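One letter stands for each residue in the lines below.
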Amino acid sequence: MSKLLNISTLSRYDHQIISEWVEPASRVIDLGCGNGSLLKHLQISKGVTGYGVELNPEMIDQCIDNDINVIQFNLDQGLGHFDSDSFDTVILSLTLQSMRKPLTLLEEMLRVGRQGIVTFPNFAHWRNRWQIAVGGSMPESDELPYKWYDTPNIHLCTLNDFHQLCDQLGFQIESSIAVRADGKQTLGLKTMPNLFGEIALCRFSKR
Amino acid sequence: MATTTTDINQLVEPQQVRFDETLVLESNGQLDGYTLAYETYGKLNARGDNALLICHALSGDHHVAGRYDDSGKTYGWWHLLIGPEKPIDTNKFFVVCSNNIGGCHGSTGPSSINPSTDKPYGTDFPLVTVNDWVYTQAKLSDYLGITQWAAVIGGSLGGMQAMQWSISYPERLRHCIVIASAAKLNAQNIGFNDVARQAIRTDPDFHNGNYYEHNVAPARGMRVARMIGHITYLSEDMMGQKFGRNLRKKAKFDYEFTPEFEVESYLRYQGDAFINKFDANTYLLMTKALDYYDPAAETDDDLTKALAPATASFLVVSFSSDWRFSPERSREVVRALQSNKLNVSYAEVTCPHGHDSFLLDIDDYTRVVRSYLNRIAGESVLGSELGIDPKDTVTIEAKRV
């Protein structure tokens, strides 16, 4: 799990959703793979092969302990490491919001892979809106525990924003789900995902 | 089966094996038989699947771990990483390291006696390449009864040998660990090597390589060669931290050419220490082998194609401050391995110690090596549960590739 966000209960739940979106025995890259737990899950549950990418040196040996291939490099330098059209799925889990050039990275994801899966904290969640509208301050939450001046999360967006960007980039949204960090299903989540979803998960491909 | 020497105190004795075949080298040179010096540490298990081959770099030899005596001065060159409970754990693995042919520590090399003249080979010793070394290491594997290495491991020039193992004998290793290395040297690197060679070859005591019969050695040339080498193995930052502009035991300049700065006396000490333990002709040969190595030369400069025969899983490690074998060179290797859809993990360790980092106990580095070796050890156990015998999978006779 990425240290960019403070989310502990989510992992099993979002791994499960992502797992449903990944073909068995397919080729997968997990960008910002943390300790490799998602890729390990996919290797065991789906028999995928591929690589995790991680920058944090504290995580590299943990990835190896988790029996995944890990490549240590900075995603802000692009995906030049990987050949075009060489993977089925490229996953960017809870990392998009910390990228310097999210646009370039999203385009790179679909250069390298057939489909992309992106998960990110939905900034339009009602608690964030409330903190700005009523408190008049930048939101802080369990998921986004940082002050505005020292946050690694420099490109926060909402579920709606992400859909618009995919449209602009000519990406087809294949699936889109918003969830609560605790994994609970609610009626509000179903009817107004951009208001009640804490974490957004989107699967997209070239149109 | 050779005897293995390692006791609980890590005292180790070098061993030798003689191969009587005529060895035709890549350079078309020929050796009528050759000796390999080697050491082993730990125990080969009953399945023979826990053996690691370590390949040494430019100035290394077979004494990679343990120690010869209690003087505190005879530790193996990679003892920080290899030993009981160390990242490369000799309680779990049977570790083998041999001195490359052309060497000067017990394997046949320019300072050995040429049987056809009864004099040291000197410059009659043919040029050797990484391919030649890998072949002779495969012969040693046959001799030791090791059909498949759990891993072949090397740093720098040793990393090139590990890489070549994966290409030449893909069925004879399961893992390949390439540290602070490259798939070929660049022009700058070859340039540095030639400065070292010129320093040696223009020393009046070189005697066209036959200095043995004059009872001298090109010591001045060797000293300069080692000094320039040493500078390139460190980083600017590290030298700055270690020496700065500090003067040696004084506060003011003497305005003399004797060593005045700390860095001068350090480099001269390193140079002098090297003269007594290394043969100049071997140094020349080793640097040439470095320059020649380029597996992609035969595949239209396409490293992906060159590595296509490989089946091993790889760990590649580079160091941020290593400008002699920079991280970019390692990334090229990683990309080619990825393009071949091979298992590869890559760690780019941030540290100030330059190329010599690979010899040091740097936490981010040794944690990765330890984890990777644990993974290999785990597979070995798994293999036994499944009843896999690596001896069933390959024929045991090294063929010239």
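Residues numbered from 1 in each chain as written. Chains lettered and ligands numbered in written order. Predicted model: local features only at pLDDT ≥ 70, side-chain atom pairs only at ≥ 80, totals over all residues. Heavy atoms only, no water.

Draft legend 1. Representation of the overall build of chain B. Secondary structure assignment for chain B yields 10 helices and 12 strands. Its C-alpha atoms put chain B at 75 × 50 × 50 Å along the principal axes. Counting only residues that meet the buried cut, chain B has 57% of its 401 residues in that class. Considering chain B, the positive charge centre built from 38 side chains and the negative charge centre built from 50 side chains are found 3 Å apart. (Helix = DSSP H or I, 4+ residues; strand = E, 2+ residues; numbered from the N terminus. Buried < 20%, exposed > 50% of the residue type's maximum accessible area, 1.4 Å probe, protein only. Lys, Arg positive; Asp, Glu negative; His and termini not counted. Charge placed at Lys NZ, Arg CZ, Asp CG, Glu CD.)

Draft legend 2. Up close: the interface of chain B and chain A. Chain B puts 22 residues into the contact, and the matching count from chain A is 20 residues. Carbon and sulfur atoms supply 42% of the area buried between chain B and chain A, which totals about 1,800 Å² over both sides. If you look at where chain B meets chain A, you find two salt bridges. For Arg375(B), the salt bridge goes to Asp67(A), with nearest N and O atoms at 3.1 Å. (Contact = heavy atoms within 4.5 Å. Buried area = accessible area lost by both parts, 1.4 Å probe. Salt bridge = Lys/Arg side-chain N within 4 Å of Asp/Glu carboxyl O.)

Draft legend 3. Main features of the side chain of Asp279(B). Residue and element names in this part refer to chain B. Mapping Asp279 onto the fold places it in the loop between helix H6 (262-275) and helix H7 (280-292). This buried residue, Asp279, is left without a salt bridge; Arg201 holds the nearest opposite charge, at 11 Å. Separated by 2.9 Å, the side chains of Asp279 and Tyr212 make a polar contact. Side-chain polar atoms of Asp279 contact the backbone nitrogen of Asn281, separated by 3.3 Å. (Polar contact = N/O pair within 3.5 Å; in protein donor to acceptor, adjacent residues only side chain to side chain.)

Draft legend 4. Molecular detail of the pattern of salt bridges. In the structure shown here, the tally under the stated rule is 28 salt bridges over all chains. In this structure, Asp61(A) engages Arg367(B) in a salt bridge whose closest nitrogen and oxygen atoms are separated by 3.0 Å. Pair noted here: Asp61(A) is in helix H3 (residues 57-65) and Arg367(B) is in helix H10 (residues 363-385), and the two residues belong to different chains. Across the pair, Arg367(B) and Asp61(A) agree in class, each one buried. Across the salt bridge formed by Asp363(B) and Arg367(B), the nearest N and O atoms sit 2.8 Å from each other. With Asp363(B) and Arg367(B) both in helix H10, this residue pair falls four residues apart, about one helical turn. Residue classification places Asp363(B) among the partly exposed residues on the basis of a relative accessible area of 48%. We classify Arg367(B) as buried; its relative accessible area is 19%. One salt-bridge network, in which partners are shared between bridges, spans Asp61(A), Asp363(B), Asp364(B) and Arg367(B).

Draft legend 5. The arrangement of the packing of helix H3 (residues 187-201) of chain B against H7(B) in detail. Residues and elements named next belong to chain B. As a packed pair, H3 and H7 sit with axes 10 Å apart at the nearest point and diverge in direction by 160°. When the interaxial angle is binned, H3 and H7 end up roughly antiparallel. Between H3 and H7 the crossing geometry is left-handed. Along its contact with H3, which presents Ile190, Asn193, Ala196, Arg197, Ile200 and Arg201, the element H7 presents Ala280, Tyr283, Leu284, Thr287, Lys288, Leu290 and Asp291. (Axes fitted to C-alpha atoms, helices over the stretch in contact; angles between N-to-C directions. Parallel < 35°, antiparallel > 145°, perpendicular 65-115°, else oblique. Left-handed = near helix turned anticlockwise from the far one by under 90°.)

Draft legend 6. Focus on the environment of Glu39(B). All names here are of chain B. Mapped onto the elements, Glu39 comes out in strand E2 (residues 30-41). Overall, the relative accessible area of 0% leaves Glu39 in the buried class. Counting along the chain gives 26 residues from Glu39 to Glu13, while the straight-line C-alpha distance between them is 6.8 Å. Among the polar contacts listed, one links the side chain of Glu39 to the side chain of His63, at a separation of 2.9 Å.

Draft legend 7. How the structure looks around helix H4 (residues 102-112) of chain A. Among the residues making up H4(A), those that are buried are Pro102(A), Leu105(A), Leu106(A), Glu108(A), Met109(A), Leu110(A) and Val112(A). Packing partners of the buried residues in H4(A) comprise strand E1 (27-31), strand E4 (87-93), strand E5 (113-121), helix H6 (159-169), strand E6 (171-179) and strand E7 (199-206) of chain A.

Draft legend 8. Up close: the packing of H3(B) against helix H4 (residues 219-233) of chain B. Residue and element names in this part refer to chain B. Two numbers describe how H3 lies on H4: the axes approach to 7 Å, and their chain directions differ by 165°. On the basis of their axis angle, the class for H3 and H4 is roughly antiparallel. The two elements H3 and H4 meet at a crossing, and its hand is right-handed. Between H3, through Phe192, Val195, Ala196, Ala199 and Ile200, and H4, the contact on the second element is made entirely by Gly221, Met222, Val224, Ala225, Ile228 and Thr232. Among the residues forming the contact of H3 with H4, the class breakdown is nine nonpolar, two polar and no charged. (Nonpolar A, V, L, I, M, F, W, Y, C, P; charged D, E, K, R; others polar.)

Draft legend 9. Molecular detail of the environment of Lys101(A). Residue and element names in this part refer to chain A. Mapped onto the elements, Lys101 comes out in the loop between E4 and H4. Given a relative accessible area of 54%, Lys101 falls into the exposed group. For Lys101 and Asp142, which are 41 residues apart along the polypeptide, the C-alpha to C-alpha distance reads 25 Å.

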